[in-house]
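One letter stands for each residue in the lines below.
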Amino acid sequence: MSNSDPAKEGDFAHWVDEKAEALRFELGEKFPVPPTVLASPLVHAETGRQKLEEVLLEHEAPSKEFLEELAALEEAPPMSEEELARQALAAGGADGDSSTPE
């Protein structure tokens, strides 16, 4: 049998969360980090162009430009196997070196 009261534990957890958020804000003001430092390969840096992930996963409303680009892609003719191979060989891959295609 536990001696702890769930209501008191909840209040304490809420208090800790508030203090942690205040500390994060205070440290962020004292030591600002450039956005490029926070960027990871899994999280895209903010850009002017909307991405499909933002619309589907983050529930952003699609912009007019996004819808126009999507329509253009749907209307484009399919690429030939030769064109796909040419583009794959021209791409540098993860290391950016086109002399060693992936």
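Calculation notes
- Residues numbered from 1 in each chain as written.
- Predicted model: local features only at pLDDT ≥ 70, side-chain atom pairs only at ≥ 80, totals over all residues.
- Heavy atoms only, no water.
- Helix = DSSP H or I, 4+ residues; strand = E, 2+ residues; numbered from the N terminus.
- Areas by Shrake-Rupley, 256 points an atom, 1.4 Å probe, with all protein chains shown as cover.
- Patch = residues over 30% accessible without salt bridge, like charges linked within 9 Å, V, L, I, M, F, W, Y side chains within 5 Å.
- Salt bridge = Lys/Arg side-chain N within 4 Å of Asp/Glu carboxyl O.
- Phe/Tyr/Trp six-rings, centres within 6.5 Å; stacked < 30°, edge-to-face > 60°.
- Buried < 20%, exposed > 50% of the residue type's maximum accessible area, 1.4 Å probe, protein only.
- pLDDT = per-residue confidence, 0-100.

### Description of the overall build of the chain
Okay, so step 1: Broken down by element type, the chain carries five helices and zero strands.
Okay, so step 2: Starting at the N terminus and walking to the C terminus, you meet the elements of the chain as α-α-α-α-α.
Okay, so step 3: Working note: accessible area of the chain is about 9300 Å², and carbon and sulfur atoms make up 62% of it.

### Examining a nonpolar patch on the surface
Okay, so step 1: A cluster of nonpolar side chains, Phe12, Trp15 and Val16, forms an exposed patch at the surface whose accessible area comes to about 310 Å².
Okay, so step 2: Turning to its location among the elements, Phe12 is positioned in helix α1 (residues 6-30).

### Here we look at the packing of aromatic side chains
Okay, so step 1: In the structure shown here, the tally under the stated rule is one aromatic pair.
Okay, so step 2: Taking the centre distance of 5.9 Å and the plane angle of 25° together, the rings of Phe12 and Trp15 count as stacked. Separated by three residues within a single helix, Phe12 and Trp15 lie in helix α1, roughly one turn from each other.
Okay, so step 3: A residue is classified by how much of its surface remains accessible, and Phe12, at 53% relative accessible area, is exposed.

### Topic: the confidence of the model for the chain
Okay, so step 1: A residue-level look at the chain finds 72% of positions with pLDDT of 70 or above and a mean pLDDT of 75.
Okay, so step 2: The secondary structure element of the chain with the lowest average pLDDT is helix α2 (residues 35-38), at 49, and the one with the highest is helix α4 (residues 64-75), at 88.

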